[in-house]
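In case you want the letters, here they are:
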Amino acid sequence: MRSDRLLSALLLLQANRRMTGRELAGRLEVSIRTVHRDMEALSAAGVPVLALRGAQGGWQLAGDWRAPVPGLDETELRALLMAQPRVIGDVRLAAAAESALGKLMAALPGALRDRAASIRRRLYVDPSGWRGTSENLSLLPVVQDAVARDRKLAIRYRKPGSEAVERTVDPLGLVAKGSTWYLFAGTPNGTRTYRVSRMEQASILEEACERPAKFDLEAAWRHSVERLKGDRARLAVQLRLEPHTAVWFRRWQVTTPGHESTGADGWVTLHAQFEREEEALFVVLGLGARVEVIAPAGLRERVQAEILALTRRLI
């Protein structure tokens, strides 16, 4: 859109003091003739753009004129820059956010702009996990567009280990939990959450979405999270762990505070919560000889049976 290009041209002149028509055309990806028309439009809008003739000519803003920008103190500036575009996770959205941040930085006063550049050189965000896996957010821009335009969304969605299903939903909002994005949507059966990375297809429909009056996304999300926690069946397990293994275990598994004890040999007895017995069995078998199951008896018996079956296969 031309208005976006005019703003970009203004901020480029503000950040670079003087630019040739060719430089502006290259940065804006337009012809030099279009640059001339844009400069005339800015001048007509009251922006003091000066045309400089000669070999060192080009375009610049008069004197110390600057586009008005809300004042930021250094604390606000650091907080803004900490939310780097790469955190978004999607390449296209990150590029758009990077462009927006660049425009804001160009509009800052000189000293604050230099400070912002210095902060950015000292901060890097790597959105990939240690295990080399990341969320597939290729459909996030489509979902975001549907949310912004209040349009129904048709999706093809697949949960792990299940067949893909097709749904038409009313997009009510996007929620980022850690590095994972969720669509909070209305359906004929009430509100539901859909993990964006599990969407295989998404297309925006022309039909307007049905948005509940006075809908509060944050309150709705918090209620959904609490409901999910309450619906999960929990298995209480008592384990005895080798000291170093106990340290690792606390980092990765929820344990019950105030129910730990350490024996004379240094081994730690603690209580932990698992969603189901299969999960507990998987963890215990993975820890091998560094763990002992105290309770429940059913889990201990399953561990013994698995060890016997493994021994038979190895002999």
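Computed from a predicted model, the values in this text were never measured in an experiment.

**What about the nonpolar core?**
- Counting 19 residues, the largest nonpolar core has Val-237, Leu-239, Leu-241, Phe-249, Phe-274 and Leu-299 as the members making the most contacts within it.
- Every element with two or more residues in this core is listed here: β9 (235-241), α9 (243-252), β11 (268-274), α10 (277-287), β12 (291-295) and α11 (297-314).
- It is α10 that contributes the most residues to this core, five residues altogether.
- In contact with Leu-239, other than residues within four places in its own chain, are Phe-249, Val-268, Thr-269, Leu-270, Val-284, Val-291, Glu-292, Val-293 and Ile-294.
- By size, the runner-up hydrophobic cluster in this structure holds 18 residues, among which are Ala-146, Ile-155, Val-196 and Ala-202.

**So, helix α6 (residues 110-121)**
- With twelve residues, α6 extends 17 Å between its outermost C-alpha atoms, agreeing within 8% with the 16 Å of an ideal straight helix rising 1.5 Å per residue.
- Turning to α6, its buried residues are Leu-112, Arg-113, Ala-116, Ser-118, Ile-119 and Arg-120.

**A look at the confidence of the model for the chain**
- On average, residues of the chain score 82 in pLDDT, and 83% of them are at 70 or above.
- Here helix α4 (residues 74-82) is the element of the chain with the lowest mean pLDDT, 67, and strand β4 (residues 151-157) is the one with the highest, 96.

**Some details on the pairing of strand β7 (residues 190-195)**
- Both strand β6 (residues 180-187) and β7 contribute to a ladder of six bridges, which runs antiparallel. Considered in β7, the bridge of Thr-187 is made with Gly-190.

**Re the sheet that holds β12**
- As summarised here, the arrangement of the four strands in space is β10-β11-β9-β12, forming an open sheet in which the pairing is antiparallel. In this open sheet, the two edge strands, each paired with only one partner strand, are β10 (261-262) and β12.
- Of the pairings in the sheet, the one linking β9 to β11 comprises seven bridges and is antiparallel in character. By the bridge assignment for β11, Leu-235 is matched with Phe-274.
- Helix-sheet contacts for α10 involve β9, β11 and β12, and the interaxial angle to β9 is about 10°.

**Section: the pattern of salt bridges**
- By the definition in use, this model includes 13 salt bridges.
- As a salt-bridge pair, Glu-260 and Arg-250 come within 3.1 Å of each other at their nearest N and O atoms. Taken as a pair, Glu-260 in the loop between α9 and β10 and Arg-250 in helix α9 lie far apart in primary sequence, ten residues in all.
- Arg-276 is the salt-bridge partner of Glu-275, the closest N and O atoms lying 4.0 Å from each other.
- For Glu-275, a relative accessible area of 31% translates into the label partly exposed.
- A residue is classified by how much of its surface remains accessible, and Arg-276, at 47% relative accessible area, is partly exposed.
- When salt bridges with common partners are traced through the structure, they connect Arg-156, Arg-158, Glu-166 and Glu-200 into a single cluster.

Scoring rules and cut-offs
- Residues numbered from 1 in each chain as written.
- Predicted model: local features only at pLDDT ≥ 70, side-chain atom pairs only at ≥ 80, totals over all residues.
- Heavy atoms only, no water.
- Core = buried A, V, L, I, M, F, W, Y, C linked by side-chain atoms within 4.5 Å.
- Buried < 20%, exposed > 50% of the residue type's maximum accessible area, 1.4 Å probe, protein only.
- Helix = DSSP H or I, 4+ residues; strand = E, 2+ residues; numbered from the N terminus.
- Contact = heavy atoms within 4.5 Å.
- Expected span 1.5 Å × (residues − 1).
- pLDDT = per-residue confidence, 0-100.
- Pairing = 2+ DSSP bridges.
- Axes fitted to C-alpha atoms, helices over the stretch in contact; angles between N-to-C directions.
- Salt bridge = Lys/Arg side-chain N within 4 Å of Asp/Glu carboxyl O.

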